[in-house]
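Below are the chains, spelled out letter by letter.
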Amino acid sequence: MDADPRATARSDHAPAQGQTPAGRLVPEMRHPDQRRPFFLRPMTPTDLPFVVEEHLGHFPHGFFARLGAGFLTSYTRTYLTGAHARAYVVEAAGRPVGFLVGVLDPPAHRRHVLRSHGPRLAARALASLTVRPALAWHFLRTRLVRYLRRLVPGRATPAAGPVASPGVTAVLSHVVVVSSARSLGIGEALVGRFVAEAAAAGCARASLVTQLGPDGAGPYYERHGWLARGETRTLEGRRLVTYDLPLGAHPARGPDR
């Protein structure tokens, strides 16, 4: 997961307007400052070309991104069909300018992905690796054993309900705002909406990672109360920093109007 609200640098069936595939109503929202109008709404399948293009542009080094647009489209679609996932798009002047995807209960969402999308994702990944031998070798060396362990029967945790299990950590996976729409409060609105829904679901905290150093968004999150919890290094060698936001002091709020 990479979370950079500055975005600097850089179900196969569409749900009804204002409704998630899980059936929970999420009204469209307008930022309260009418000098900076934009709409925050649930992501739909028609948004996937925009979301995937921006993801590839801002996070090209992630393993899923390296598998190509086809795989990334299939994977991003899983956020639209899971009860424990959240996916939003922001529109300004009639076009999408930002998005966020995250999960309120990572183990439950992982089970949903394996159960509902596993065969399709596996086929997409195999096709991508077949034409990318260097990436295939990298996968065999660094990820195959870990992925197989997740598929071993009995390792999955019990199924959760329609909201997060008490005390679970929500994970903000990716957030992007296009460069032409910076400084409008869009990143703050996206992150705030996810945090509010995580708090309403009973999550103990929200977590994210961002790139370490001047190209990352660490200072932004620190200004908004997120706490640095340590550094990690990806299998590709990128240095990341993890941030947590305790949610006990962040009561749920209603939709922005």
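Note that the coordinates shown come from a computational prediction; the quantities given were computed from them, not determined experimentally. (Residues numbered from 1 in each chain as written. Predicted model: local features only at pLDDT ≥ 70, side-chain atom pairs only at ≥ 80, totals over all residues. Heavy atoms only, no water.)

## What to know about the overall build of the chain
Then step 1. On a plain count of helices and strands, the chain comes out with eight helices and nine strands.
Then step 2. Residues counted as buried form 49% of the 257 residues belonging to the chain.
Then step 3. Surface summary for the chain: the accessible area is close to 12700 Å², and the carbon and sulfur share equals 56%. (Helix = DSSP H or I, 4+ residues; strand = E, 2+ residues; numbered from the N terminus. Buried < 20%, exposed > 50% of the residue type's maximum accessible area, 1.4 Å probe, protein only. Areas by Shrake-Rupley, 256 points an atom, 1.4 Å probe, with all protein chains shown as cover.)

## What about the pairing of strand β7 (residues 205-211)?
Then step 1. Most of β7 is tucked away: five of the seven residues are buried.
Then step 2. Here strand β6 (residues 169-177) runs beside β7; their pairing, made up of three bridges, is parallel. Bridge pairing in β7 links A170 to A206.
Then step 3. Remark: the β6/helix α7 (residues 186-200)/β7 crossover connection has right-handed handedness.
Then step 4. As defined by bridge partners, β7 adjoins strand β9 (residues 239-246) across seven bridges and the pair is classed as antiparallel. When the bridges of β9 are listed, A206 appears paired with L245. (Pairing = 2+ DSSP bridges. Right-handed = clockwise from strand over helix to strand, strands pointing away.)

## A word on α7
Then step 1. With 15 residues, α7 should reach 21 Å at 1.5 Å per residue; the first-to-last C-alpha distance of 21 Å fits that figure.
Then step 2. Within α7, 13 of the 15 residues are buried, which leaves it mostly tucked inside the rest of the structure. (Expected span 1.5 Å × (residues − 1).)

## As for the packing of aromatic side chains
Then step 1. Here the structure, examined in full by the defined rule, presents nine aromatic pairs.
Then step 2. Here the aromatic rings of F63 and F64 are separated by 6.3 Å at their centres, their planes lie at 50°, and the arrangement is tilted.
Then step 3. When its relative accessible area of 25% is taken as the criterion, F64 is described as partly exposed.
Then step 4. Measuring from ring centre to ring centre gives 4.7 Å for F64 and Y75, while their planes differ by 65°; the resulting arrangement is edge-to-face. One end of the pair, F64, is in helix α2 (residues 63-66); the other, Y75, is in helix α3 (residues 69-81), and eleven residues separate them in sequence.
Then step 5. Looking at Y75, the relative accessible area reads 19%, which means it is buried. (Phe/Tyr/Trp six-rings, centres within 6.5 Å; stacked < 30°, edge-to-face > 60°.)

## A word on the confidence of the model for the chain
Then step 1. Confidence along the chain averages 76 in pLDDT terms, with 70% of residues attaining 70 or more.
Then step 2. When the criterion is pLDDT under 50, residues 153-162 qualifies, and its contacts beyond four places in sequence or with other chains add up to 14 contacts.
Then step 3. For residues 249-257, every residue scores under 50 in pLDDT, and the model assigns this stretch 23 contacts once sequence neighbours within four places are set aside. (pLDDT = per-residue confidence, 0-100. Contact = heavy atoms within 4.5 Å.)

## Regarding the pattern of salt bridges
Then step 1. Taken as a whole, this structure holds six salt bridges when the rule is applied.
Then step 2. Between R193 and E197 there is a salt bridge, with its nearest N and O atoms 3.2 Å apart. Taken together, the residues R193 and E197, both in helix α7 and four residues apart, mark about one turn of the helix.
Then step 3. Under the relative-accessibility criterion, E197 is labelled buried at 8%.
Then step 4. Salt-bridge contacts for E231 lead to R239; the nearest nitrogen and oxygen are separated by 3.3 Å.
Then step 5. Of the residues examined, E231 reaches a relative accessible area of 52% and is grouped as exposed.
Then step 6. Among the charged side chains, a salt-bridge network with shared partners connects R41, D47 and E91. (Salt bridge = Lys/Arg side-chain N within 4 Å of Asp/Glu carboxyl O.)

## Observations concerning the environment of A204
Then step 1. Relative to the elements of secondary structure, A204 occurs in the loop between α7 and β7.
Then step 2. For the pair A204 and V168, spaced 36 residues apart in the sequence, the C-alpha separation amounts to 5.8 Å.

## A word on the environment of F63
Then step 1. Its place among the elements puts F63 in helix α2.
Then step 2. For the pair F63 and L135, spaced 72 residues apart in the sequence, the C-alpha separation amounts to 8.7 Å.

## Quick word on the nonpolar core
The nonpolar side chains of soluble globular proteins are, as a tendency, buried together.
Then step 1. The biggest cluster of nonpolar side chains holds 60 residues, and the ones touching the most others in it are M43, L190, Y221 and W226.
Then step 2. The greatest single-element share of this core, amounting to eight residues, is contributed by α7.
Then step 3. Excluding its chain neighbours within four sequence positions, the residues that come into contact with M43 are L48, V51, T76, L80, A87, Y88, V89, F99, L100 and V101. (Core = buried A, V, L, I, M, F, W, Y, C linked by side-chain atoms within 4.5 Å.)

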